[in-house]
Amino acid sequence: MVRSLLRLAGTLAMLASVFLLLPLSATRIPVALAGAVEPTNDTSDKPPLLAHIYVPESVAAYSQPLQGLSDIEIREFATGKAEFASRWVAPFLSGGQWGLGPQSNAGSCIECHPGNGRGRAPDGPGETPHSLILQLAQRHLDSSGRALPHPAYGGQLNGRGILGKLIEEGQFRMEYRTRTVRLADGEVVELRAPGVLITALWFGPLGDKTILSPRIAQPVFGLGLLDAVSDSTLRAIAERQRRAGFNGRINFVRDARTGASIAGRFGHKATEPHLEQQIAAAFKNEMGVNSDLYPGEDCWPIQEECYRIETILGAEVQDMQRAAVLDYLRMLAPPARRATEDPQVRRGETLFEQARCAGCHIPSIKIQVDIGQHRKRDTVIEPYTDLLLHDMGDGLADGFRTFSAGERDWRTAPLWGLGLRKAVNGNENLMHDGRARSVTEAILWHGGEAGASRQAFINMTLEERQALLRFLDSL
Ligand code: HEC
Ligand code: HEC
């Protein structure tokens, strides 16, 4: 039985790779890379703003396709959407596609990115983390420059094994210590600093030199547009920032296919250079689903049973399925801004500039993207990020180094869609580990290069803070 299933899986794998040589590549639309930085306040000679999708405040606010897609693209969007929600199970169980594990943290993409939005940080040790993962690293880097995984547990602690066959790696919980910050006008804000509590470990101690980095799942809309921000644009932004006293840096990471060192864009430390690689990494790291890009199972020498688990031949996720997820994420639109003409919102926008938030959260970037009616045309997006790494100070430091990202470095989080996060995800968690429970808390966690912005916020009057928050809510 098992052998015939293996044969079937092998045949399917072969069929799929034959298919790939056929029309799929003809319908796939490469993203053209070009473009230069748009000065923040320059309105002369400005290409059109990419039509963001207007959506009412609802759980579907991050789930709309870009405007102006062709019929083929709309179909690709739907196929990819199904793949993103598709359930994976361990071979040869029923109820999903085969390939999950041996160890994993979830059975589908959507489980951690509900509504294409953020994950949820547990409120305390009583709550099991689901869409918050624990990345692990040693202090030194491997030969490619990436953080070296833990010798017994790998790059993250997997909370799920295979029922009756393989135990999970371990479990953790989050606990918080609170402290307060007093703003200039007397208002007191409580911040919670996270700590990791390891509650079960099945393959020996982690060792006190292991770096623990909890990470919350990020929103996944608008990423095709961020993928299209060219390396030269990133370099130009970094250059301009240097003159303004910031120190945004590109994380030069490894392209898994070519081995080349190229600009990282995705992940909280910008460790993945483009969407295709980010998706393959997500399949592998979060669900244990391997692919042609990341073949093999992650078994660590001490986990002997792991090597005995039955597995299917060839790649578990086929290139065609990965391409479908890529199509979907490339075409997921950022939501349109709301209430842009409201005087309080406009005042908040000015304060955002004055507090130099816009130095890193760059309002607009010029790109050229090959999707739908936007094909080969210059267009402007408003992501409120520079995709660069910044030293955010000791308060946010996790000690985790990888490629050029240092212990205190984080990639500027895009702020588009910020005001709709509660409608989509029902929580207000922000920052890389979801520690902030409001935008105010998120700003007060800024330090390092963003320390002056934080101080500017602390010094604002209540009326000014309300305007700034109102503006951020309009994004
Ligand atoms: C177990 C939870 C989990 C699952 C399942 C999961 N993700 Fe993620 N995702 C995360 C976390 C955590 C991050 C941030 C990782 C980091 O900082 O390196 C992330 C980041 C991403 C990003 C980068 C977003 C950005 O703005 O840089 C993309 C894209 C993504 N995931 C896609 C996927 C896809 C596609 C799948 C399914 C194949 C998937 N994820 C499954 C937790 C998950
Ligand atoms: C030096 C660059 C820099 C400046 C200046 C800066 N930020 Fe940030 N911001 C970041 C980085 C990097 C992150 C991601 C931190 C993390 O994930 O822990 C971030 C995260 C955020 C978040 C959370 C977003 C999310 O999805 O979790 C908000 C909100 C935010 N910033 C608002 C502001 C505001 C408002 C200002 C001005 C008062 C400001 N920032 C100034 C770099 C900056």
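Residues numbered from 1 in each chain as written. Chains lettered and ligands numbered in written order. Predicted model: local features only at pLDDT ≥ 70, side-chain atom pairs only at ≥ 80, totals over all residues. Heavy atoms only, no water.

Caption draft 1: Quick look at empty space enclosed by the protein. Counted according to the given criterion, the structure contains one cavity of 30 Å³ or more. Considered as a void within the structure, the largest cavity measures approximately 40 Å³ in volume. Along its surface, the largest cavity is lined by His52, Pro335, Ala336, Arg337, Glu382, Tyr384, Trp416, Gly417 and Leu475. Residues of the lining of the largest cavity, tallied by class, amount to five nonpolar, two polar and two charged. (1 Å grid on protein atoms, 1.4 Å probe; cavity = no way out; pocket = protein on both sides within 12 Å on 5 of 7 lines; lining within 4 Å. Points joined across faces, edges and corners; volume = space filled by probe spheres on them. Nonpolar A, V, L, I, M, F, W, Y, C, P; charged D, E, K, R; others polar.)

Caption draft 2: Quick peek at the coordination of the iron atom of ligand 1. Here the protein supplies the iron atom of ligand 1 with just one donor, His113 (NE2), and that contact is 2.1 Å long. Mapped onto the elements, His113 comes out in the loop between helix H3 (109-112) and strand E3 (132-137). (Donors = N, O, S within 2.8 Å, 3.2 Å for Na, K, Ca; no water. Helix = DSSP H or I, 4+ residues; strand = E, 2+ residues; numbered from the N terminus.)

Caption draft 3: Examining the site of ligand 2 more closely. In the vicinity of ligand 2 there are 23 residues, among which Cys357, Cys360, His361, His432 and His446 approach most closely. In this structure, Arg118 approaches ligand 2 through a side-chain N or O atom, which is 2.9 Å from an oxygen atom. Take Met431: an N or O atom from its main chain is 2.7 Å from an oxygen atom of ligand 2. Of the residues in the shell around ligand 2, the class split is 13 nonpolar, six polar and four charged. (Near = heavy atom within 4 Å. Polar contact = N/O pair within 3.5 Å; in protein donor to acceptor, adjacent residues only side chain to side chain.)

Caption draft 4: Here's a closer look at the coordination of the iron atom of ligand 2. Every protein donor of the iron atom of ligand 2 is accounted for by His361 (NE2) and His446 (NE2), and the metal-donor separations fall at 2.0 Å. Considering all six donor atoms around the iron atom of ligand 2, the spread of angles at the metal, 88 to 179 degrees, places the coordination shape in the octahedral class. Pair noted here: His361 is in the loop between helix H9 (343-354) and strand E9 (365-369) and His446 is in the loop between helix H11 (439-445) and helix H12 (451-459), with a separation of 85 residues, a long-range link. For the pair His361 and His446, one class covers both residues: buried. (Tetrahedral: all angles 85-135°; square planar, octahedral: opposite > 155°, others 65-115°. Buried < 20%, exposed > 50% of the residue type's maximum accessible area, 1.4 Å probe, protein only.)

Caption draft 5: Representation of the pairing of strand E6 (residues 211-216). Most of E6 is tucked away, with five of its six residues classed as buried. Pairing analysis gives six bridges linking E3 to E6, with the strands arranged antiparallel. Paired with Gln135 across the strands is Ser213, a residue of E6. (Pairing = 2+ DSSP bridges.)

Caption draft 6: Unusual backbone geometry, seen in detail. Following Pro91, the chain continues into Phe92 via a peptide bond in cis, with omega recorded as 0 degrees. In this structure, Phe92 sits in the loop between strand E1 (88-89) and strand E2 (97-98). Residues other than glycine seldom take positive phi values, yet Asn116 does so here, at roughly 65 degrees. Mapped onto the fold, Asn116 is located in the loop between H3 and E3. Phi angles above zero are rare outside glycine, and Phe403 is one such case at about 50 degrees.

Caption draft 7: Geometry of the environment of Ile443. With respect to the helices and strands, Ile443 occurs in helix H11. On the basis of relative accessible area, Ile443 is assigned to the buried category, the value being 15%. Residues Ile443 and Leu430, spaced 13 residues apart in sequence, show a C-alpha to C-alpha distance of 9.8 Å. Other than its neighbours up to four places away in sequence, Ile443 contacts Arg454, Phe457, Leu468 and Leu472. (Contact = heavy atoms within 4.5 Å.)

Caption draft 8: Focus on the site of ligand 1. Near ligand 1 there are 28 residues, and of these Cys109, Cys112, His113, Gly267 and His268 occur at the shortest range. Contacts to ligand 1 include His113, whose side-chain N or O atom sits 2.9 Å from a nitrogen atom. In the environment of ligand 1, an oxygen atom lies 2.9 Å from a nitrogen or oxygen atom belonging to the backbone of His268. Those elements that provide at least two residues to the shell around ligand 1 are H3, E3, E6, helix H6 (275-287) and helix H8 (319-331). Sorting elements by how many residues they give to the shell around ligand 1 places H6 first, with six residues.

Caption draft 9: Quick peek at the state of the cysteines. What the rule picks out here adds up to one disulfide. Sulfur-sulfur distance for the disulfide between Cys299 and Cys306 comes to 2.1 Å. Across the S-S bond linking Cys299 and Cys306, the dihedral sits near -75 degrees, which makes this disulfide left-handed. Neither residue differs from the other here; Cys299 and Cys306 are each classed as buried. (Disulfide = S-S within 2.5 Å.)

Caption draft 10: Structural context of the packing of H9 against helix H13 (residues 462-473). Where H9 contacts H13, the axes come no closer than 7 Å and their chain directions differ by 100 degrees. For the element pair H9 / H13, the angle class is roughly perpendicular. Touching Gln344, Val345, Arg347, Gly348, Glu349, Leu351 and Phe352 of H9 are Glu463, Glu464, Gln466, Ala467, Leu468, Arg470, Phe471 and Leu472, all from H13. A per-class count over the contact of H9 with H13 returns seven nonpolar, three polar and five charged. (Axes fitted to C-alpha atoms, helices over the stretch in contact; angles between N-to-C directions. Parallel < 35°, antiparallel > 145°, perpendicular 65-115°, else oblique.)

Caption draft 11: Representation of H9 in the model. When the terminal C-alpha atoms of H9 are compared, their 17 Å separation across 12 residues agrees well with the 16 Å that a helix rising 1.5 Å per residue should span. Restricting attention to buried positions, one finds in H9 the residues Val345, Gly348, Leu351 and Phe352. Along H9, the residues classed as buried sweep out an arc of 115 degrees about the axis, all on the same side. Exposed and facing more than 90 degrees away from the buried side of H9 are Pro343 and Gln354. The inward-facing, buried residues of H9 abut H13. Here H9 starts with a cap whose side-chain oxygen sits 2.8 Å from the backbone nitrogen of Gln344, and that cap is Asp342. (Expected span 1.5 Å × (residues − 1). Arc of directions from axis to C-beta.)

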